[in-house]
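A closer look at the structure
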Amino acid sequence: MLNNNRTPGAIEKKPISGVDSKSDLLSRRSFLKGSVGLAASAVAAGGLILPADAQYGFREYIPYDATRDIHYGTRYGEIEHHYPEMNATGEKFTFVRLKYPGGDWYTNIVNYYRWPSDHKFTEVLAENTTIDVEVREHPQYVDIDDEGLFAYPFLYMTGHRGIRLSTEQVRKLRDYFERGGFLHVEDCDIRLNGGRGGLRPHIYEMLRKVFPEKKLERLEMSHPIYHTLYDHDEYLGGDKLIPGISDHDEAIMDGDRVMVYFCPSDLNCAWEGRPCSPGGNKQREWAFEQGMNVVAYALTR
(Lines give C-alpha, C1' and ligand atoms only; values in the text may rest on other atoms or scores of the structure.)
Protein backbone atom coordinates (compact mmCIF):
# COMPACT_ATOMS: atom_id res chain seq x y z
CA MET A 1 0.00 0.00 0.00
CA LEU A 2 2.79 2.42 0.92
CA ASN A 3 5.45 1.38 -1.59
CA ASN A 4 5.37 4.55 -3.67
CA ASN A 5 8.00 6.60 -5.45
CA ARG A 6 8.14 9.54 -3.06
CA THR A 7 11.43 11.09 -2.17
CA PRO A 8 11.72 10.54 1.59
CA GLY A 9 12.73 13.14 4.10
CA ALA A 10 15.69 13.32 6.47
CA ILE A 11 15.81 9.57 7.16
CA GLU A 12 15.10 7.70 3.99
CA LYS A 13 13.11 4.56 3.32
CA LYS A 14 14.77 1.55 1.74
CA PRO A 15 17.61 2.09 1.23
CA ILE A 16 18.54 4.62 3.92
CA SER A 17 21.20 7.01 2.64
CA GLY A 18 23.31 9.50 4.55
CA VAL A 19 22.65 7.81 7.90
CA ASP A 20 24.26 4.74 9.43
CA SER A 21 20.88 3.42 10.49
CA LYS A 22 22.10 0.33 12.31
CA SER A 23 24.49 2.23 14.57
CA ASP A 24 21.82 4.83 15.28
CA LEU A 25 19.30 2.19 16.24
CA LEU A 26 21.77 0.31 18.39
CA SER A 27 22.88 3.40 20.27
CA ARG A 28 19.31 4.54 20.82
CA ARG A 29 18.37 1.14 22.16
CA SER A 30 21.46 0.16 24.10
CA PHE A 31 21.78 3.17 26.41
CA LEU A 32 18.36 2.38 27.85
CA LYS A 33 19.01 -1.33 28.03
CA GLY A 34 22.31 -0.83 29.77
CA SER A 35 20.87 1.44 32.44
CA VAL A 36 19.21 -1.32 34.46
CA GLY A 37 19.64 -5.04 35.03
CA LEU A 38 17.28 -7.09 32.87
CA ALA A 39 14.82 -9.36 34.65
CA ALA A 40 15.64 -12.50 32.67
CA SER A 41 14.31 -14.84 35.33
CA ALA A 42 11.21 -12.83 36.16
CA VAL A 43 8.72 -15.19 34.56
CA ALA A 44 10.16 -18.21 36.30
CA ALA A 45 10.17 -16.34 39.59
CA GLY A 46 6.57 -15.22 39.10
CA GLY A 47 7.50 -11.59 39.65
CA LEU A 48 5.89 -10.19 36.51
CA ILE A 49 2.95 -12.55 36.03
CA LEU A 50 0.30 -10.71 38.05
CA PRO A 51 -1.42 -8.14 35.81
CA ALA A 52 -1.02 -4.54 36.91
CA ASP A 53 -4.80 -4.10 37.11
CA ALA A 54 -5.03 -6.90 39.64
CA GLN A 55 -2.14 -5.53 41.69
CA TYR A 56 -3.79 -2.14 42.10
CA GLY A 57 -7.39 -3.28 42.47
CA PHE A 58 -8.66 -2.31 39.02
CA ARG A 59 -10.88 -4.49 36.93
CA GLU A 60 -9.14 -6.71 34.37
CA TYR A 61 -11.21 -6.20 31.22
CA ILE A 62 -9.76 -9.04 29.13
CA PRO A 63 -8.70 -12.55 30.13
CA TYR A 64 -5.14 -13.39 31.09
CA ASP A 65 -3.51 -16.82 30.72
CA ALA A 66 -0.71 -17.05 33.28
CA THR A 67 0.51 -20.38 31.91
CA ARG A 68 1.33 -18.76 28.57
CA ASP A 69 1.77 -15.20 29.88
CA ILE A 70 -0.61 -13.72 27.30
CA HIS A 71 -3.82 -11.73 27.21
CA TYR A 72 -6.47 -12.79 24.74
CA GLY A 73 -9.69 -11.41 23.29
CA THR A 74 -13.14 -12.64 24.15
CA ARG A 75 -13.69 -13.40 20.44
CA TYR A 76 -10.19 -13.80 18.99
CA GLY A 77 -6.69 -12.39 19.15
CA GLU A 78 -3.74 -12.72 21.50
CA ILE A 79 -1.32 -10.18 22.96
CA GLU A 80 2.05 -11.64 23.86
CA HIS A 81 3.97 -10.35 26.88
CA HIS A 82 7.33 -9.21 25.51
CA TYR A 83 10.56 -9.45 27.50
CA PRO A 84 13.97 -7.98 26.64
CA GLU A 85 15.55 -11.44 26.46
CA MET A 86 13.26 -12.22 23.49
CA ASN A 87 15.52 -9.81 21.56
CA ALA A 88 18.72 -10.35 23.46
CA THR A 89 21.07 -8.52 21.07
CA GLY A 90 18.92 -5.38 20.93
CA GLU A 91 19.45 -5.22 17.16
CA LYS A 92 15.76 -5.37 16.29
CA PHE A 93 13.07 -2.78 16.88
CA THR A 94 9.98 -4.05 18.72
CA PHE A 95 6.73 -2.13 18.44
CA VAL A 96 5.47 -2.71 21.97
CA ARG A 97 2.20 -1.61 23.60
CA LEU A 98 2.31 -0.24 27.15
CA LYS A 99 -0.03 -1.96 29.59
CA TYR A 100 -1.17 0.45 32.30
CA PRO A 101 -3.70 0.11 35.16
CA GLY A 102 -7.13 1.65 35.06
CA GLY A 103 -8.13 1.52 31.40
CA ASP A 104 -8.48 -0.45 28.16
CA TRP A 105 -4.79 -0.46 27.23
CA TYR A 106 -5.41 -3.33 24.75
CA THR A 107 -7.72 -1.30 22.45
CA ASN A 108 -7.67 -2.42 18.77
CA ILE A 109 -5.38 -5.40 19.40
CA VAL A 110 -8.07 -7.91 20.42
CA ASN A 111 -11.68 -8.01 19.17
CA TYR A 112 -10.33 -5.97 16.28
CA TYR A 113 -12.18 -4.44 13.34
CA ARG A 114 -10.26 -5.90 10.39
CA TRP A 115 -6.84 -6.88 11.76
CA PRO A 116 -4.79 -6.32 14.95
CA SER A 117 -3.67 -2.70 14.66
CA ASP A 118 -0.18 -2.95 16.16
CA HIS A 119 0.66 -6.12 14.26
CA LYS A 120 -0.48 -4.61 10.96
CA PHE A 121 1.59 -1.49 11.58
CA THR A 122 4.63 -3.63 12.49
CA GLU A 123 4.33 -5.46 9.17
CA VAL A 124 4.01 -2.17 7.24
CA LEU A 125 7.03 -0.73 9.10
CA ALA A 126 9.13 -3.79 8.23
CA GLU A 127 8.07 -3.74 4.57
CA ASN A 128 8.58 -0.03 3.95
CA THR A 129 11.69 0.90 5.93
CA THR A 130 15.18 -0.45 6.53
CA ILE A 131 14.57 -0.52 10.28
CA ASP A 132 15.31 -4.05 11.47
CA VAL A 133 11.85 -4.81 12.86
CA GLU A 134 11.00 -7.76 15.07
CA VAL A 135 7.82 -9.23 13.55
CA ARG A 136 6.30 -11.85 15.84
CA GLU A 137 3.18 -13.97 15.45
CA HIS A 138 1.16 -11.85 17.88
CA PRO A 139 1.14 -8.16 18.92
CA GLN A 140 3.47 -7.38 21.82
CA TYR A 141 2.97 -5.62 25.14
CA VAL A 142 5.05 -4.68 28.16
CA ASP A 143 3.64 -4.05 31.63
CA ILE A 144 4.40 -0.69 33.22
CA ASP A 145 5.69 -2.58 36.27
CA ASP A 146 8.12 -4.75 34.30
CA GLU A 147 11.74 -4.19 35.29
CA GLY A 148 12.66 -4.62 31.63
CA LEU A 149 10.65 -1.52 30.65
CA PHE A 150 13.91 0.41 30.34
CA ALA A 151 15.07 -1.88 27.53
CA TYR A 152 12.52 -0.35 25.15
CA PRO A 153 13.37 3.03 23.60
CA PHE A 154 9.83 3.34 22.17
CA LEU A 155 6.47 2.66 23.83
CA TYR A 156 2.97 2.94 22.38
CA MET A 157 -0.11 3.70 24.48
CA THR A 158 -3.81 4.18 23.73
CA GLY A 159 -7.31 3.58 25.14
CA HIS A 160 -10.74 5.09 25.79
CA ARG A 161 -10.87 5.54 29.56
CA GLY A 162 -8.88 6.08 32.73
CA ILE A 163 -5.21 5.83 33.66
CA ARG A 164 -4.55 5.21 37.35
CA LEU A 165 -0.85 5.27 38.08
CA SER A 166 0.65 4.88 41.51
CA THR A 167 3.24 7.36 42.75
CA GLU A 168 5.90 4.74 42.09
CA GLN A 169 4.71 4.25 38.51
CA VAL A 170 4.75 8.01 37.89
CA ARG A 171 8.35 8.12 39.13
CA LYS A 172 9.24 5.20 36.89
CA LEU A 173 7.83 6.93 33.81
CA ARG A 174 9.76 10.08 34.69
CA ASP A 175 12.92 8.00 34.99
CA TYR A 176 12.15 6.33 31.65
CA PHE A 177 11.91 9.69 29.89
CA GLU A 178 14.99 11.10 31.62
CA ARG A 179 16.98 8.13 30.31
CA GLY A 180 15.86 9.00 26.78
CA GLY A 181 12.71 6.96 26.33
CA PHE A 182 9.97 7.96 23.88
CA LEU A 183 6.18 7.57 24.25
CA HIS A 184 3.67 7.67 21.38
CA VAL A 185 0.22 8.05 22.97
CA GLU A 186 -3.24 8.45 21.44
CA ASP A 187 -6.85 8.93 22.44
CA CYS A 188 -8.80 6.14 20.75
CA ASP A 189 -12.00 8.20 20.48
CA ILE A 190 -11.74 11.96 20.81
CA ARG A 191 -15.48 12.24 20.12
CA LEU A 192 -16.35 11.01 23.62
CA ASN A 193 -17.43 13.42 26.37
CA GLY A 194 -18.54 16.13 23.98
CA GLY A 195 -15.26 16.25 22.10
CA ARG A 196 -13.09 16.31 25.21
CA GLY A 197 -12.06 12.73 24.48
CA GLY A 198 -12.05 9.52 26.46
CA LEU A 199 -8.35 9.18 27.24
CA ARG A 200 -7.25 12.76 26.55
CA PRO A 201 -8.05 14.24 29.99
CA HIS A 202 -6.36 11.27 31.66
CA ILE A 203 -3.29 11.71 29.46
CA TYR A 204 -3.13 15.37 30.45
CA GLU A 205 -3.41 14.45 34.13
CA MET A 206 -0.76 11.74 33.83
CA LEU A 207 1.68 14.08 32.10
CA ARG A 208 1.10 16.82 34.70
CA LYS A 209 2.21 14.34 37.35
CA VAL A 210 5.19 13.06 35.37
CA PHE A 211 6.29 16.54 34.20
CA PRO A 212 4.87 19.17 36.58
CA GLU A 213 7.27 21.72 35.10
CA LYS A 214 6.27 21.08 31.46
CA LYS A 215 3.18 21.50 29.30
CA LEU A 216 1.99 19.86 26.13
CA GLU A 217 2.88 22.04 23.13
CA ARG A 218 1.22 22.12 19.74
CA LEU A 219 3.36 20.53 17.04
CA GLU A 220 3.56 22.53 13.84
CA MET A 221 3.76 20.73 10.51
CA SER A 222 7.28 22.07 10.00
CA HIS A 223 8.55 19.90 12.89
CA PRO A 224 10.96 17.10 11.84
CA ILE A 225 8.61 14.44 13.24
CA TYR A 226 6.43 15.00 10.14
CA HIS A 227 9.36 14.73 7.72
CA THR A 228 11.63 11.84 8.77
CA LEU A 229 10.52 9.29 6.15
CA TYR A 230 7.57 10.98 4.48
CA ASP A 231 7.07 14.71 3.98
CA HIS A 232 3.76 15.67 5.57
CA ASP A 233 2.90 19.32 5.07
CA GLU A 234 -0.83 18.84 5.71
CA TYR A 235 -2.37 17.18 8.77
CA LEU A 236 -4.72 14.37 7.65
CA GLY A 237 -4.80 12.52 10.96
CA GLY A 238 -5.86 9.00 11.88
CA ASP A 239 -9.44 7.84 11.38
CA LYS A 240 -11.05 10.84 13.16
CA LEU A 241 -10.01 14.23 11.81
CA ILE A 242 -12.30 16.78 13.51
CA PRO A 243 -11.60 20.50 12.98
CA GLY A 244 -10.83 22.28 16.23
CA ILE A 245 -10.71 19.02 18.20
CA SER A 246 -8.28 16.58 16.57
CA ASP A 247 -6.66 18.54 13.76
CA HIS A 248 -3.15 18.73 15.22
CA ASP A 249 -0.78 16.80 17.50
CA GLU A 250 0.85 17.86 20.77
CA ALA A 251 4.11 17.01 22.50
CA ILE A 252 6.12 17.19 25.68
CA MET A 253 9.51 18.55 24.67
CA ASP A 254 13.04 18.26 26.01
CA GLY A 255 14.57 21.31 24.39
CA ASP A 256 13.82 20.75 20.71
CA ARG A 257 13.40 16.96 21.09
CA VAL A 258 9.99 15.31 21.41
CA MET A 259 9.72 12.98 24.41
CA VAL A 260 5.95 12.40 24.32
CA TYR A 261 4.02 12.52 21.05
CA PHE A 262 0.27 12.84 21.64
CA CYS A 263 -2.03 12.19 18.67
CA PRO A 264 -5.75 12.81 19.30
CA SER A 265 -6.87 11.82 15.79
CA ASP A 266 -6.13 8.12 16.41
CA LEU A 267 -3.64 6.61 13.96
CA ASN A 268 -4.19 3.23 15.58
CA CYS A 269 -7.83 2.89 14.49
CA ALA A 270 -6.75 3.72 10.93
CA TRP A 271 -4.10 0.98 11.23
CA GLU A 272 -6.88 -1.36 12.41
CA GLY A 273 -8.75 -0.82 9.14
CA ARG A 274 -11.63 1.35 10.35
CA PRO A 275 -13.22 3.88 7.98
CA CYS A 276 -11.27 7.15 7.96
CA SER A 277 -13.20 10.42 7.93
CA PRO A 278 -13.21 12.64 5.98
CA GLY A 279 -10.28 11.50 3.79
CA GLY A 280 -10.88 7.77 3.30
CA ASN A 281 -7.95 5.66 2.10
CA LYS A 282 -5.72 8.69 1.52
CA GLN A 283 -6.12 9.49 5.21
CA ARG A 284 -5.36 5.87 6.18
CA GLU A 285 -2.17 5.93 4.11
CA TRP A 286 -1.18 9.19 5.85
CA ALA A 287 -1.76 7.49 9.22
CA PHE A 288 0.57 4.60 8.37
CA GLU A 289 3.18 7.00 6.99
CA GLN A 290 3.02 9.22 10.07
CA GLY A 291 3.37 6.20 12.35
CA MET A 292 6.57 5.32 10.49
CA ASN A 293 7.72 8.94 10.75
CA VAL A 294 7.26 8.82 14.51
CA VAL A 295 9.18 5.57 14.95
CA ALA A 296 12.05 6.80 12.75
CA TYR A 297 12.15 10.07 14.69
CA ALA A 298 12.16 8.29 18.06
CA LEU A 299 15.03 5.97 17.08
CA THR A 300 17.33 8.65 15.72
CA ARG A 301 16.78 11.75 17.87
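Values in this document were obtained by computation on a predicted structure and should not be read as measured data.

Right, let's get into the packing of aromatic side chains. For the structure on display, the rule yields 17 aromatic pairs. In textbook terms, an aromatic cluster arises when at least three aromatic residues are bridged by ring pairs, as seen for Phe93, Phe95, Phe121, Phe154, Tyr156, Phe182, Trp271, Phe288 and Tyr297. When the ring centre of Tyr64 is taken as reference, the NZ or CZ atom of Lys99 above it lies at 5.8 Å. Here the basic side chain of Arg179 rests over the ring of Phe150, its NZ or CZ set 4.3 Å away from the ring centre.

With that settled, the discussion passes to the side chain of Gln283. Mapped onto the elements of the fold, Gln283 is located in helix α9 (residues 280–300). Taking the relative accessible area as the measure of exposure, Gln283 reaches 2% and is therefore buried. A polar contact is formed between the side chain of Gln283 and the backbone oxygen of Gly238, at a distance of 2.5 Å. Setting aside anything within four residues of it in sequence, one finds Gln283 in contact with Leu236, Gly237, Gly238, Asp239, Lys240, Leu241, Cys276, Ser277 and Pro278.

Another aspect to go through is the layout of surface pockets. For the largest pocket, the calculated volume is near 310 Å³. What lines the largest pocket is a set of 19 residues, among which Cys188, Arg191, Lys240, Cys269 and Arg274 lie closest to the centre. For the lining of the largest pocket, a count of residues per class yields 7 nonpolar, 5 polar and 7 charged.

Across the interface, helix α4 (residues 117–128) lies against α9 with an axial gap of 10 Å and an inter-helix angle of 75°. One finds that α4 runs roughly perpendicular with respect to α9. On α9, the residues touching Lys120, Phe121, Val124, Leu125 and Asn128 of α4 are Phe288, Gly291, Met292 and Val295. For the contact of α4 with α9, the class distribution of residues is 6 nonpolar, 2 polar and 1 charged.

Thresholds, definitions, all that
- Residues numbered from 1 in each chain as written.
- Predicted model: local features only at pLDDT ≥ 70, side-chain atom pairs only at ≥ 80, totals over all residues.
- Heavy atoms only, no water.
- Phe/Tyr/Trp six-rings, centres within 6.5 Å; stacked < 30°, edge-to-face > 60°.
- Lys NZ or Arg CZ within 6 Å of the ring centre and 35° of its normal.
- Helix = DSSP H or I, 4+ residues; strand = E, 2+ residues; numbered from the N terminus.
- Buried < 20%, exposed > 50% of the residue type's maximum accessible area, 1.4 Å probe, protein only.
- Polar contact = N/O pair within 3.5 Å; in protein donor to acceptor, adjacent residues only side chain to side chain.
- Contact = heavy atoms within 4.5 Å.
- 1 Å grid on protein atoms, 1.4 Å probe; cavity = no way out; pocket = protein on both sides within 12 Å on 5 of 7 lines; lining within 4 Å.
- Points joined across faces, edges and corners; volume = space filled by probe spheres on them.
- Nonpolar A, V, L, I, M, F, W, Y, C, P; charged D, E, K, R; others polar.
- Axes fitted to C-alpha atoms, helices over the stretch in contact; angles between N-to-C directions.
- Parallel < 35°, antiparallel > 145°, perpendicular 65-115°, else oblique.

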